[in-house]
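Coordinate analysis (summary)
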Amino acid sequence: MSNPFREDLVSRAQPKACTVVIFGATGDLTHRKLVPALYNLLVDGELPTGVKIVGFARREKSDEEYRDGLEEINREVSRSGHEDALWKQFRECISYHQSEFQDGDGYKRLGERLDAIDRERGGQGNRLFYLASAPEFFDDILEQMRDAGLNEHKGECWSRVIVEKPFGTDLPSAQHLNTIVNATFEEKDTYRIDHYLGKETAQNIMVLRFANAIFEPIWNSRYIESVEITCAEHLGMEGGRGGYYDKSGALRDMVQNHLLQLLSLVAMEPPTDLSADGVRDEKVKVFRSLRQWDTPELVAANVVRGQYVAGYVNGQEVIGYREEDRVDPESMTEAYVAVRVMVDTWRWSGVPFYVRMGKRLPKKATEISIHFKEVPGVLFGALPGGLPGGNVLVMRIQPDEGISLRITSKLPGTSLRMEPVKMDFHYASSFGKSSPEAYERLLLDAMAGDATLFARRDEVEEAWRFVDHIERAWHQSEKASPMTEYAAGSWGPREADELLAAHGHAWRRL
Ligand code: BG6
């Protein structure tokens, strides 16, 4: 049925054939996420005909060696398995380009190679550059691309860039990177990826809120007591991750981007339309409304940081954070953080958003829960057992994607006793097919020129402003939430429970 309001929004823009150039082609992200995502798009018949992939990296490798390495990992990680016949077709689209990131000649040769591919494909010169290298090379790559003219549109053909996280390490470095990116590519051709926005369940937040008449009228401080966003991970610093992580920490690694992005989708006002800027205009207003914890006292009162000590995860004994490979034994980097976030808008006045992220927690799970205010106790409050608590709407982002609603029900029997029960919806059983990986959706969107699920410059910078105040307070004063400890395999430090208890709340048990 056509949309009577906006004809242009009825169909999604079509992804166009292009050459995807991946800088940092020998890294984990390329092997484990990007190439399997492109392969799975082909499996699902979604990859536009004529897409070619060029891996750009420093190591010497032939095309064949490169393809073999990708195949090995694809067999292991591909969402829909690995089919030899299809892979054979796919691997022919992949080539390898060896060059140093600073070598101008390497980019000139890349340009010639891309021209040759365009001629073969029959004139479709669209190019999608993906910065998946270590971030310290982003400046060089962008500058060299500009010098080689790779950023230029040719006639109808476009040239776009996807920038991986981390997008800077603080506000000044993010602004610097934004300046370099925007000196090379226009904002409309810049796609700052936040893979949480590509997750099916994150996209469903807007649908749940704005396509269901029952939720939006109560989505405000009159009915909502608090909101919780939890991202738990059971992993620690496997595979040498400690080197990167110890310089970053939970706040910068996940709160600045993924968790604040989820928060903005929960808290934003209805956009005027579904265009990329329509949605992002509303999200950025949320970022601008975050109350700033900008003194050591405010940080101490609203933020808890912690490190895990040795413990057990899934029955396995694991070491503490400071003992991990490539982590400083005296590290002051947090592997856990909990923040009480206040969104100072009319809608959310007085409603805390409790956001927490931790490594080495009991399991991997990301969820958002909306805790509704309790009903007045006049009818049932005085009964034995009382009311069993308010309604809770839970959006499970991963795993076991779905939505549940906790309601209060009468226990069967002659006496009037109440218990909470759950209405539950599971994506897997309701739709009977697995959700695409976030990177699949996002790569396709970039090929279609749809930036809705990518972070805009102002969103990224506002999120850094919030995070920088906390980081600064931590560095200035030990009093600003001292480093706490928790046993690996537990649900985090006691201080994080106290943070909520101080406001009459408690973390939901996942
Ligand atoms: C990355 C972080 O951005 O997201 C990692 O750098 C984290 O530390 C990862 O583990 C989590 O992603 P996902 O999709 O597995 O939840």
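About the thresholds
Sequence positions are assigned chain by chain, starting from 1 and proceeding in written order. Two thresholds apply to this predicted model, a pLDDT of at least 70 for residue-level local features and 80 or more for giving and counting side-chain atom pairs, whereas whole-chain, interface and lining totals are computed over all residues. Values reported for side chains reflect all heavy atoms of the structure, with hydrogen atoms and water molecules removed beforehand. Two strands form a pair only when DSSP identifies at least two bridges running between them. A run of H or I in DSSP counts as a helix once it spans at least four residues, and a run of E counts as a strand once it spans at least two, with each numbered from the N terminus. Between N-to-C directions, angles span 0 to 180 degrees; the directions come from axes that are lines fitted to C-alpha atoms, helices contributing only their stretch in contact. Along the chain, pLDDT gives the predictor's confidence residue by residue, from 0 to 100. Here a residue-residue contact requires only that any non-hydrogen atoms of the pair lie within 4.5 Å. A pair of aromatic rings is counted whenever rings of Phe, Tyr or Trp (Trp by its six-membered ring) have centres within 6.5 Å, and the orientation is called stacked for planes under 30 degrees apart, edge-to-face for over 60 and tilted otherwise. Three exposure classes are used, based on accessible area relative to the maximum for each residue type with a 1.4 Å probe and protein chains only: buried under 20%, partly exposed in between, and exposed over 50%. Geometrically, a lysine NZ or arginine CZ counts as sitting over a ring once it is within 6 Å of the ring centre and also within 35 degrees of the ring normal. Picture the helix axis, draw a direction to every C-beta atom, and the arc is the one those directions span. Orient the strands so they point away from the viewer; a crossover is then right-handed if the path from the first strand over the helix to the second runs clockwise. Definition of nonpolar core: a set of buried residues of the types Ala, Val, Leu, Ile, Met, Phe, Trp, Tyr and Cys, connected through side-chain atoms within 4.5 Å. Here a salt bridge means any side-chain nitrogen of Lys or Arg lying within 4 Å of a carboxyl oxygen belonging to Asp or Glu.

**Digging into the sheet that holds strand E2 (residues 52–57)**
- Strand order in the open sheet made by the 6 strands is E3-E2-E1-E4-E5-E6, with parallel pairing throughout. Since the sheet does not close on itself, it has two edges, and those belong to strand E3 (94–98) and strand E6 (190–192), each with one partner. Sheet twist, expressed as the average angle between the axes of neighbouring strands with direction ignored, equals 20°.

**Structural notes on the confidence of the model for the protein**
- Averaged over all residues, the pLDDT of the protein is 94; the fraction at 70 or higher stands at 97%.
- With pLDDT under 50 throughout, residues 5–10 is counted as low confidence; its partners more than four residues away or in other chains account for 7 contacts.

**Focus on the packing of aromatic side chains**
- Across all of its chains, the model carries 22 aromatic pairs by this definition.
- Ring centres of Phe23 and Phe56 lie 4.7 Å apart, and the angle between their planes is 55°; this geometry places the pair in the tilted category. Here Phe56 lies in strand E2 and Phe23 lies in strand E1 (residues 19–23), a separation of 33 residues in the sequence. A single burial state applies to Phe23 and to Phe56, both of which are buried.
- Considering the side-chain rings of Tyr427 and Phe431, the 5.8 Å spacing of their centres and the 65° angle between planes classify their relative orientation as edge-to-face. Placement of the pair is Tyr427 and Phe431 together in helix H12 (residues 427–431), with a separation of 4 residues, close to one helical turn.
- For Tyr427, a relative accessible area of 8% puts it in the buried group.
- The exposure class assigned to Phe431 is exposed, which follows from its relative accessible area of 56%.
- Seen from the ring of Trp158, Arg160 lies directly overhead, with NZ or CZ sitting 3.7 Å from the centre.
- Against the face of Tyr196 rests Lys199, its NZ or CZ located 4.6 Å from the ring centre.

**With respect to the sheet that holds strand E11 (residues 336–342)**
- Here 9 strands make up an open sheet; going across it, the order is E16-E15-E14-E13-E7-E12-E11-E8-E17 and the pairing mixed. Two strands lie at the open edges of the sheet, namely strand E16 (418–426) and strand E17 (483–487), each paired on one side alone. Pairs of neighbouring strands in the sheet enclose a mean axial angle of 20°, with direction left out of account.
- Looking at chain direction, strand E13 (residues 365–372) and strand E14 (residues 392–398) are connected through 6 bridges and run antiparallel.

**As for helix H3 (residues 84–91)**
- Turning to H3, its buried residues are Leu86, Trp87, Phe90 and Arg91. All buried residues of H3 lie within an arc of 130° about the axis, which places them on one face of the element. Within H3, the exposed residues directed more than 90 degrees away from the buried face are Ala85 and Lys88.
- Those residues of H3 that are buried lie in contact with helix H1 (28–43), E2, helix H2 (63–77) and E3.

**Let's talk about the side chain of Asn40**
- Positionally, Asn40 belongs in helix H1.
- The exposure class of Asn40 is buried, given its relative accessible area of 1%.
- Beyond its immediate sequence surroundings of up to four residues, Asn40 is in contact with Ser78, Arg79, Ser80 and Glu440.

**What to know about the pairing of E2**
- With 5 of its 6 residues buried, E2 lies for the most part within the structure.
- As paired strands, E1 and E2 are joined by 5 bridges and run parallel to one another. Directly across from Phe23, in E2, lies its bridge partner Phe56.
- With respect to chirality, the unit in which E1 leads through H1 into the neighbouring parallel E2 is right-handed.
- Here E2 runs beside E3; their pairing, made up of 5 bridges, is parallel. In the sheet register, Phe56 faces E3, and the bridge partner there is His97.

**With respect to the nonpolar core**
- One finds Phe23 and Leu263 to be the most contacted residues of the largest nonpolar core, which totals 143 residues.
- Considering each element in turn, this core owes the most residues, 11 residues, to helix H9 (residues 250–267).
- Residues within four places of Leu263 in sequence aside, it is in contact with Ile229, Val286, Leu290, Val341, Val343, Phe353 and Val355.

**A short note on the pattern of salt bridges**
- All chains considered together, the criterion is met by 42 salt bridges.
- We note a salt bridge from Asp277 to Arg280, for which the minimum N-O separation is 3.4 Å. Of this pair, Asp277 and Arg280 are both found in helix H10 (residues 276–288), 3 residues apart, which corresponds to roughly one turn of the helix.
- For Arg280, a relative accessible area of 5% corresponds to the buried category.
- One continuous salt-bridge network, built from bridges that share partners, spans Glu64, Arg67, Asp68, Glu71, Arg75, Asp84 and Arg91.

**Focus on unusual backbone geometry**
- The omega angle of the peptide bond from Lys165 to Pro166 is 0°, so this bond is cis rather than trans.
- By secondary structure assignment, the location of Pro166 is in the loop between strand E5 (159–163) and helix H6 (171–184).
- Cis geometry is found at the peptide bond from Gln398 to Pro399, where omega equals -20°.
- Here Pro399 is to be found in the loop between E14 and strand E15 (402–410).
- We note that Arg326 has phi near 65°; this positive angle belongs to a residue other than glycine.

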